[in-house]
Amino acid sequence: MSNVKDMSLADEGIRKIKWVQKHMPVLEHIKKQFEEEKPFEGITIGSCLHLEPKTVNLGLTLQAGGAEVAMTGCNPLSTHDDAAAGAAALGLHIYGWREQTDEEYYEAIDNVLSHKPDVIIDDGADMIMYLHEKRPELLENIKGACEETTTGVHRLEAMHADGALKFPVIAVNDAYTKYLFDNRYGTGQSSLDAIMGTTNMLIAGKNVVVCGYGWCGRGVASRAAGLGANVIVTEVDPIRALEARMDGYRVMKIREAVKIADLVVTVTGNIDIIHGDDFKYMKDGCMLSNSGHFNVEINRGDLEAQSVSCEEVRESIEMFTMKDGRKIYLLADGRLVNLAAARGQGHPAEIMDMSFAVQALSAKYIVENDLSLGVEKAPDSIDDEVARLKLKAMGIEIDDLSERQKDYLADWREGT
Ligand SMILES: NC(=O)c1ccc[n+]([C@@H]2O[C@H](COP(=O)([O-])OP(=O)(O)OC[C@H]3O[C@@H](n4cnc5c(N)ncnc54)[C@H](O)[C@@H]3O)[C@@H](O)[C@H]2O)c1
Ligand SMILES: N[C@@H](CCSC[C@H]1O[C@@H](n2cnc3c(=O)[nH]cnc32)[C@H](O)[C@@H]1O)C(=O)O
């Protein structure tokens, strides 16, 4: 059963799914293994992930392993209607469409849960939260869950600390083969790609303010600098601020940064990064975008309160006219621009290849093991396997330690 926008888009969706499959060699390898081993026979997997071609390929990989798969999106703006229709035509249960209301978004989550999943794959923890709060009768079916992103992991750790979490969770985000590549190079490239595609503006010579110098912030800063921007970083963590400085960027307080910003990209996972009086100090024409989480990093309510009008001037660009006549532009409703902007394509397929390989192997790990309650990193063996498969797919060979080298590294006696 599915509920998508328009099944006549299925052929185009399938074309796009086939395209990404050519660029996801690790997941394709795992799909073949799953076809032989059938680790998910009798298992239902429910997911809440950005519903687009690469995610559908994860769904097909789980299906190849014998799973019944039900999927919805994890953001009201990020679903690709053609990929959703294609996935439904390929036998996955798909619920969702682009531009859902909040009510429709949670209804779709509810529909997935009605399939009574044994395993949940979440991105941002909305499905896990909803399950605990609104469908607690289903908790007993759940063997475990995987969480895709930094903020989702933080939410679930907080839930566990409160004693509220009722099943084990694997923090897929915390695998090296996830955050070092997805959060950094994926967010770096896809955010700039979406901002440029949405605005058709030049990046070179602009003051680009990156709020947060975590894994995503590093990626966004380096890609913006590569395009010729003058990058300014804001941080609250002294070590990350120092790192940003020594990586060559200016570091300053947000209040100083907004005064000179041409473009702001928030990537903190935190609330109210741009809020209140910050809007009063912005230059005419300043563009605001978020690539972190949900739509809380830029306080839209505060922006609206200080403006006299708001108009969609181009797809995914709202122009706020301020009381003094300045124009401030908000991209993609302040939701993560690389996925929620109409032109946002998400991370490149080669990146999601690794993230979703970790998801697929973590789901298998959940069904094959009795994990204890809590939030734990994906096992190192999964990281190692994904990295080795990726190197192999890229045609890269690396060296092995010799016996002499192993002995040397294990010996404290050998010195100068
Ligand atoms: N757009 C995407 O596709 C994508 C991909 C991966 C992660 N994410 C999301 O992006 C966000 C960041 O993820 P990450 O892995 O980089 O996390 P991270 O924890 O590595 O980095 C976040 C950084 O923001 C800083 N920060 C917090 N509050 C701040 C404030 N008030 N001002 C300035 N800096 C502040 C923190 O000190 C930290 O260095 C999360 O919400 C994550 O879920 C988005
Ligand atoms: N549901 C929240 C979650 C943040 S999404 C951040 C996650 O999106 C994932 N992501 C980035 N690009 C893609 C993509 O193209 N397809 C599926 N997931 C993606 C990425 O792994 C990252 O951890 C929200 O919408 O605000």
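Before reading further, recall that the structure is shown in the block above.
Residues numbered from 1 in each chain as written. Chains lettered and ligands numbered in written order. Predicted model: local features only at pLDDT ≥ 70, side-chain atom pairs only at ≥ 80, totals over all residues. Heavy atoms only, no water.

**Describing the layout of surface pockets**
Worth spelling out the cut-off: Residues are said to line a cavity or pocket when one of their atoms sits within 4 Å of a point; the points come from a 1 Å grid over protein atoms alone, cavities being sets where a 1.4 Å probe fits but cannot get out and pockets being open sets with protein on both sides within 12 Å along at least five of seven lines. Grid points are joined across faces, edges and corners, and a volume is the space filled by probe spheres set on the points. Counting from the N terminus, the helices are the DSSP runs of H or I reaching at least four residues and the strands are the DSSP runs of E reaching at least two. Charged means Asp, Glu, Lys or Arg here, nonpolar means Ala, Val, Leu, Ile, Met, Phe, Trp, Tyr, Cys or Pro, and polar covers whatever is left, Gly included.
Estimates place the volume of the second largest pocket at around 620 Å³. Lys 16, Pro 53, His 80, Gly 344 and Gln 345 are, among the 30 residues lining the second largest pocket, the residues nearest its centre. Of all the secondary structure elements, the ones that give two or more residues to the lining of the second largest pocket are helix 1 (10–21), helix 3 (53–64), helix 4 (81–89), helix 8 (176–199) and helix 14 (349–368). Looking at the lining of the second largest pocket, its residues break down into 9 nonpolar, 10 polar and 11 charged.

**Quick look at unusual backbone geometry**
Apart from glycine, the bulk of residues carry a negative phi angle, and the bulk of peptide bonds sit in the trans form. Definition in use: Categorising residues by exposure relies on relative accessible area from a 1.4 Å probe, with only protein chains included: less than 20% of the type maximum marks a residue as buried, more than 50% marks it as exposed, and the intermediate range marks it as partly exposed.
The backbone of Lys 116 sits at a positive phi, close to 55°, despite the residue not being glycine. One non-glycine residue, Ser 316, adopts positive backbone phi at about 65°. Mapping Ser 316 onto the fold places it in the loop between strand 12 (307–314) and strand 13 (317–322). Given a relative accessible area of 12%, Ser 316 falls into the buried group.

**Remarks on the pairing of strand 7 (residues 207–211)**
As a reminder of what qualifies: Two strands form a pair only when DSSP identifies at least two bridges running between them. When the strands point away from the viewer, a crossover counts as right-handed if the route from the first strand across the helix to the second turns clockwise.
Extensive coverage of strand 7 is indicated by the burial of 5 of its 5 residues. The alternating pattern of strand 7 places Asn 207, Val 209 and Cys 211 and Val 208 and Val 210 on opposite faces, both of which are buried. In terms of strand pairing, strand 7 meets strand 8 (residues 230–234) through 5 bridges, oriented parallel. Each residue of the ladder has a partner; that of Val 208, found in strand 8, is Val 231. Remark: the strand 7/helix 9 (residues 215–226)/strand 8 crossover connection has right-handed handedness. The sheet contact formed by strand 7 and strand 10 (residues 263–266) spans 4 bridges and is parallel. What sits directly across from Val 210, in strand 10, is Val 265.

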